[in-house]
Amino acid sequence: MKIRWRLRMAAAQREVWSGSDLRRLLAERAGLELSAASISALLTKEPSQIKLSTLMALCTALQCTPNDLLEVDTTPVEQPAPPSRPAVAEPRQAAGDGRRSMPPL
């Protein structure tokens, strides 16, 4: 499963073209104050985690749903077959005297 962060596209579809525009909307519509660096990171990078309160504030500011900000690919991922283990040969016995020809494993 893969998740794509689509904040930049969702903002552009609502004619929000800059981080400062998004920052202003977050403050006005959702009451959330984020630093310019935080806004820039949200717009340019895929976050590894996001607070639900921040996600809700983004949805409020852009008047969208979480589905507009996150694209989830639920295609099953094929797992590689485990490598086959070679058969272990049994140690050979020396003929007649009962001693092993090889040390024990």
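Residues numbered from 1 in each chain as written. Predicted model: local features only at pLDDT ≥ 70, side-chain atom pairs only at ≥ 80, totals over all residues. Heavy atoms only, no water.

Undergrad: Account for the overall build of the protein, with residues named and values stated.
TA: Of regular secondary structure, the protein possesses 5 helices and 2 strands. Counting from the amino terminus, helix and strand elements in the protein follow one another as β-α-α-α-α-α-β. Accessible surface, the protein as shown: approximately 8,400 Å² in total, 54% of it carbon and sulfur. (Helix = DSSP H or I, 4+ residues; strand = E, 2+ residues; numbered from the N terminus. Areas by Shrake-Rupley, 256 points an atom, 1.4 Å probe, with all protein chains shown as cover.)

Undergrad: Any chance you could break down the packing of helix α2 (residues 19-30) against helix α3 (residues 36-44) for me, citing the residues and the numbers?
TA: Taken N-terminus to C-terminus, the directions of α2 and α3 make an angle of 110°; their axes are 9 Å apart at the nearest point. The angle between the axes of α2 and α3 places the two elements in the roughly perpendicular class. The hand of the α2/α3 crossing is right-handed. Contacts from G19, L22, R23 and L26 in α2 reach A36, I39 and L43 in α3. Considering only residue class, the contact of α2 with α3 consists of 5 nonpolar, 1 polar and 1 charged. (Axes fitted to C-alpha atoms, helices over the stretch in contact; angles between N-to-C directions. Parallel < 35°, antiparallel > 145°, perpendicular 65-115°, else oblique. Left-handed = near helix turned anticlockwise from the far one by under 90°. Contact = heavy atoms within 4.5 Å. Nonpolar A, V, L, I, M, F, W, Y, C, P; charged D, E, K, R; others polar.)

Undergrad: Pulling in residues and values, what's your account of the nonpolar core?
TA: Within the largest apolar cluster, 20 residues are counted, with the highest numbers of intra-cluster contacts made by W5, L7, L22, L26, L58, L62 and L69. Elements with a contribution of two residues or more to this core: α1 (7-13), α2, α3 and α4 (52-62). Per element, the largest residue contribution to this core is 6 residues, and it comes from α4. Apart from the residues within four sequence positions on either side, L58 is in contact with W5, L7, L22, L26, L42, I50, C64 and L69. (Core = buried A, V, L, I, M, F, W, Y, C linked by side-chain atoms within 4.5 Å. Buried < 20%, exposed > 50% of the residue type's maximum accessible area, 1.4 Å probe, protein only.)

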